[in-house]
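# Observations on chain architecture
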Amino acid sequence: MQILEDHTVLVTGGGSGLGLGVARHCRAAGARVAIMELAHDKVARLREEFGDAVLVVQGDVTRLADLQACRDAVVARYGRLDALIGTQGIFDGNVPLLETAPERLDALFDEIFHVNVKGYVLSARVFHELLRASGGAIVLTTSTAAYAADGGGVTYTASKGAIRSLVGQLAFEFAPHVRVNGVAPAGIANSQLRGPRTLGLEGQQQSDIPKDAFLGMFRSLSLMQELPTPEEHGPLYAFLASRHNTIMTGQTVVADQGLLNRAVLTRQA
Ligand SMILES: NC(=O)c1ccc[n+]([C@@H]2O[C@H](COP(=O)([O-])OP(=O)(O)OC[C@H]3O[C@@H](n4cnc5c(N)ncnc54)[C@H](O)[C@@H]3O)[C@@H](O)[C@H]2O)c1
């Protein structure tokens, strides 16, 4: 039996990178899959890749009406939902606070927090009823930036810390019917994580960084030496999304290839 057999899974922010890899894995693991994605070009590519096999919904997770429309589309197509996997996110460009013009901070904060935090809160509210009915699960995406400094600037790291706390609060409020857990990845290969519009960095993507440079930086910090692909994160998300997880709620799994487990007294060459 496959781990997600007889499960319906929605991946929000599944148009590229982590979410797309997780969605592909969930499908291969037996799930009926729906994907919600903001970017129209990615939506078109998803429809090309999956055809009718996956329900693809264009929408913005920061807009209540879009989430409600997505919920209605999931119900119309599949009649139920067993797991909500949230993967959407944007980066803050790693610009230090003191190099950010004070006049920009208000808008920068709102832009990052709307996608990285509000989107998850709204999704949890909108999909709760379906998940309660199925005894389902929520899996949210934070980052090692929630655990250690310098994984981004102040707005990105604060937003990822908020998700870490949100996992605990939602698990508490939704127990015992809906399990809620998080995943904190470190580096991800093939990510298109983009910068903030507020700082004029929306055209910058993680994938613009030359692969060798990114891998070199990752290897100098991490115990495991290969950047995981989005698909390699799939089995972890699939377990947390599945009914086979009868043992965890309110936890965040740090899936960081040993990044945070740094040597104290010795240093590898
Ligand atoms: N890239 C990394 O190294 C890394 C490391 C740790 C954590 N993360 C986290 O992993 C998650 C996935 O990031 P990724 O690296 O795969 O980036 P990505 O940009 O490839 O994927 C994120 C997707 O979310 C979509 N999205 C953005 N705003 C949205 C909105 N308002 N509504 C719906 N969809 C929206 C984007 O269009 C994109 O398709 C993010 O939460 C990110 O913070 C990434």
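Scroll up a little and you will see the structure.
As a starting point, this report considers the structure included with it. Not measured: the values here are computed from a predicted model.

## Quick word on unusual backbone geometry
For the peptide bond that leads from Ala175 to Pro176, omega is 0°, which places it in the cis range. Relative to the assigned elements, Pro176 resides in the loop between α5 (154-174) and β6 (179-185). Even without a glycine there, the phi angle at Asp6 is positive, about 65°. Mapping Asp6 onto the fold places it in the segment before β1 (8-12). Its relative accessible area of 46% is what places Asp6 among the partly exposed residues.

## Thoughts on the site of the ligand
Near the ligand, the surroundings consist of 29 residues, among which Ser16, Glu37, Tyr156, Ala186 and Ser191 are the closest. The side chain of Ser16 places a nitrogen or oxygen atom 2.7 Å from an oxygen atom of the ligand. For the shell around the ligand, the secondary-structure elements that each account for two or more residues are α1 (17-28), α4 (102-134) and α5. Counted by class, the shell around the ligand contains 10 nonpolar, 15 polar and four charged residues.

## A few points about the pattern of salt bridges
According to the stated counting rule, one finds 10 salt bridges in the structure shown. One salt bridge connects Asp6 with Arg32, and the closest N-O pair in it is separated by 3.8 Å. With Asp6 in the segment before β1 and Arg32 in strand β2 (residues 32-37), this pair connects stretches of sequence that are 26 residues apart. Salt bridges here are not isolated pairs; linked through shared partners, they connect Asp6, Arg32, Arg80, Asp82 and Arg243.

## Quick look at helix α3 (residues 64-78)
Between its first and last C-alpha atoms α3 spans 21 Å; for 15 residues at 1.5 Å apiece the expected length is 21 Å, and the two agree. Within α3, burial applies to Asp66, Leu67, Cys70, Val74 and Tyr78. Taken end-on, α3 shows its buried residues confined to a sector of 100°, consistent with a single buried face. Close packing links the buried residues of α3 with β1, β2, β3 (55-58) and α4. The positive-phi residue at the C-terminal boundary of α3 is Gly79, with phi of around 80°.

## Side note on the sheet that holds strand β7 (residues 252-255)
Spatially, seven strands are ordered β3-β2-β1-β4-β5-β6-β7 in an open sheet, and the strand pairing comes out parallel. The two strands at the open ends of the sheet, each matched to only one other strand, are β3 and β7. Averaged over all pairs of adjacent strands, the angle between their axes in this sheet comes to 15°, without regard to strand direction. Where β2 and β3 come together, four bridges link them in parallel fashion.

## Remarks on the nonpolar core
In this structure, Leu10, Phe127, Ile138, Leu140 and Val180 are the most contacted members of the largest nonpolar core, which totals 28 residues. Going through the elements one at a time, β2, β3, α3, α4, β5 (137-141) and α5 are the ones with two or more residues in this core. Setting aside residues no more than four positions away along its own chain, Leu10 makes contact with Ala34, Ile35, Met36, Cys70, Leu81, Ala83, Leu84, Ile85 and Phe127. Ranked by size, the runner-up nonpolar core spans 27 residues in total, among them Val22, Val43, Ala241 and Ala255.

## With respect to the packing of α3 against α4
Direction vectors running N to C along α3 and α4 enclose 25°, while the axes themselves pass 10 Å from each other. In terms of orientation, α3 lies roughly parallel with respect to α4. For the crossing formed where α3 meets α4, the hand is right-handed. Along the contact surface, α3 presents Leu64, Leu67, Gln68, Cys70, Arg71 and Val75, while α4 presents Leu122, Ser123, Val126, Phe127 and Leu130. Broken down by class, the residue content of the contact of α3 with α4 amounts to eight nonpolar, two polar and one charged.

What counts as what
Residues numbered from 1 in each chain as written. Predicted model: local features only at pLDDT ≥ 70, side-chain atom pairs only at ≥ 80, totals over all residues. Heavy atoms only, no water. Helix = DSSP H or I, 4+ residues; strand = E, 2+ residues; numbered from the N terminus. Buried < 20%, exposed > 50% of the residue type's maximum accessible area, 1.4 Å probe, protein only. Near = heavy atom within 4 Å. Polar contact = N/O pair within 3.5 Å; in protein donor to acceptor, adjacent residues only side chain to side chain. Nonpolar A, V, L, I, M, F, W, Y, C, P; charged D, E, K, R; others polar. Salt bridge = Lys/Arg side-chain N within 4 Å of Asp/Glu carboxyl O. Expected span 1.5 Å × (residues − 1). Arc of directions from axis to C-beta. Contact = heavy atoms within 4.5 Å. Pairing = 2+ DSSP bridges. Axes fitted to C-alpha atoms, helices over the stretch in contact; angles between N-to-C directions. Core = buried A, V, L, I, M, F, W, Y, C linked by side-chain atoms within 4.5 Å. Parallel < 35°, antiparallel > 145°, perpendicular 65-115°, else oblique. Left-handed = near helix turned anticlockwise from the far one by under 90°.

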